[in-house]
Amino acid sequence: MTDLDATTLREAYDNQLKAWAPDPLPEGVTVERDGPLVRVLGLDHGGFLTYRDLGGLTGAALDALIARQVELFRARGESVEWKLHGHDEPADLPDRLRAAGFVPQERETVVIGPVAPLAATLPVAPEGVRLREVTARADLDRIMAMEEEVWGESRDHLADGLEKEIAADPQSITVVVAEAGETVVSAGWVRYVAGTGFATLWGGSTLAQWRRRGIYRALVGYRARLAAQRGRTLLQVDASEDSRPILQRLGLVPVTTTTPYIYTP
């Protein structure tokens, strides 16, 4: 891909995904606007803030916008994520978020690529591993337990969140597990973003002893085929440093970075 292609892909991301909010909304979730901000409330892991751009806000006006979010979530007693992108303006936005009490988390790379080449390759899991689409709560709990083993921390919001998404619109998301016998060794899900050409990939955590066997690649290919079946033409992933090289080898292109800034009352 050329630089122009990367620029075009980023423009598509900005126009179609950057201000995304769930539609239809899962039970208990609401979406509000505060100027240019899209504010999502009622998620199992706290609030979420995103935007196409900040409409040119700078200085005191931007600080006031940030302060309103801090006050709202302090009053609710909930944490909130401000999804900051590497190409967001103004350039001092990270400093202003930190000054307001937001704490940056690990940076990821936004990668995008065409669905068709990946969908055309039959995803092959290693011997002894099968891929299976799931919706049952028991399977979502097994995914949550696998993620907790991988990351060594609670993922207690994960099963609840996925269950509510599936209940709100089972056609908007597919959850896929990779199993070895009765053990979930990896899992990922794909969201088919309404009104866009995008499918977005999430998850992909794999138990340590099962890594470097092609399971992650197989999960990507499987979900790409699902996306193609639903008429999506582009795949997008917020990629960790572990998954980014694999996704780039599969043809996805880095277009920007994203860093969660978390405020916790």
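Residues numbered from 1 in each chain as written. Predicted model: local features only at pLDDT ≥ 70, side-chain atom pairs only at ≥ 80, totals over all residues. Heavy atoms only, no water.

Let's talk about the pattern of salt bridges
Let me state the cut-off plainly: For this document, the term salt bridge refers to a Lys or Arg side-chain nitrogen within 4 Å of an Asp or Glu carboxyl oxygen. For the exposure calls, accessible area comes from a 1.4 Å probe over protein chains only, and a residue counts as buried if that area is under 20% of its type's maximum, exposed if over 50%, partly exposed in between.
The full count for this structure, using the stated rule, is 24 salt bridges. Arg96 is paired through a salt bridge with Asp92; the nearest N and O atoms lie 3.0 Å apart. When its relative accessible area of 28% is taken as the criterion, Asp92 is described as partly exposed. The structure contains a network of salt bridges with shared partners spanning Arg130, Arg132, Asp139, Arg142 and Glu179.

Observations regarding the pairing of strand β11 (residues 234-239)
We apply this condition: Runs of E in the DSSP output that reach at least two residues are strands. Runs of H or I that reach at least four are helices, and both are numbered from the N terminus. Note on pairing: DSSP must find at least two bridges between two strands before they are called paired. Note on handedness: a crossover is taken as right-handed if, strands pointing away from the viewer, the path from the first strand over the helix to the second is clockwise.
Counting buried residues in β11 gives six out of six residues, a clear majority hidden from the surface. Residue alternation in β11 divides its side chains into two sets, Leu234, Gln236 and Asp238 and Leu235, Val237 and Ala239, and both sets are buried. The pairing of strand β6 (residues 108-114) with β11 spans six bridges and is antiparallel. Across the sheet, Pro114 pairs through a bridge with Leu234, a residue of β11. For strand β10 (residues 198-206) and β11, the ladder comprises four bridges, and the chain directions are parallel. Paired with Thr200 across the two strands is Gln236, which belongs to β11. Traced from β10 through helix α7 (residues 215-229) to β11, the parallel crossover comes out right-handed.

Here's the deal with the UniProt feature "domain: N-acetyltransferase" (unreviewed entry) in the chain
Put simply, the rule reads: UniProt positions are given in the numbering used here, feature names are shortened, and annotations may be inferred rather than shown by experiment.
Those residues carrying the UniProt feature "domain: N-acetyltransferase" (unreviewed entry) are residues 129-265 in this numbering. Annotated as residues 129-265, this span is 34% helix and 36% strand, and its ends, taken at the C-alpha atoms, are 43 Å apart.

Focus: the packing of aromatic side chains
Heads up, the condition is: Whether two aromatic rings pair depends on their centres lying within 6.5 Å, for rings of Phe, Tyr and Trp, where Trp uses its six-membered ring; planes under 30 degrees apart make the pair stacked, over 60 edge-to-face, and the rest tilted. Note on criteria: charge over ring means Lys NZ or Arg CZ within 6 Å of the ring centre, with the direction from the centre no more than 35 degrees off the ring normal.
Within this structure, the stated rule accounts for three aromatic pairs. A network of ring pairs unites the aromatic residues Tyr51, Trp82, Phe102 and Tyr263 as a single cluster. Just above the ring of Trp202 sits the side chain of Arg191; from NZ or CZ to the centre is 5.0 Å. Directly above the ring of Trp210 sits Arg213, whose terminal nitrogen or CZ lies 4.4 Å from the centroid.

Observations concerning the domain arrangement of the chain
Under the convention used in this document: Either an automatic procedure or a domain database provided the assignment from which the domain bounds are taken. Here, two residues are considered to be in contact whenever any of their heavy atoms come within 4.5 Å of each other. By buried area we mean the combined loss of accessible area, with a 1.4 Å probe, across both parts when two parts are placed together.
Once the domains are mapped, the chain shows domain 1 (6-108) and domain 2 (112-256). For domain 1 and domain 2, the distance between their C-alpha centres works out to 25 Å. With 19 residues of domain 1 at the contact, the number on the domain 2 side is 23 residues. Both sides of the domain 1 and domain 2 interface together cover about 1,900 Å² of buried area, and 65% of this is carbon and sulfur. On the domain 1 side of the contact with domain 2, Leu9, Asp44 and Glu108 bury the most area, a combined 30% of that side's loss. Connecting domain 1 to domain 2 are two salt bridges.

Some words on helix α6 (residues 158-168)
Where we set the bar: An arc is given here, and it is the one of the directions from the helix axis to the C-beta atoms.
Of all the residues in α6, the buried ones are Leu158, Ala159, Gly161, Leu162, Glu165 and Ile166. Projected onto a plane normal to the axis of α6, the buried residues spread over an arc of 165° and lie on a single side. Elements that come into contact with the buried residues of α6 comprise α5 (137-151), β8 (173-180) and β9 (183-192).

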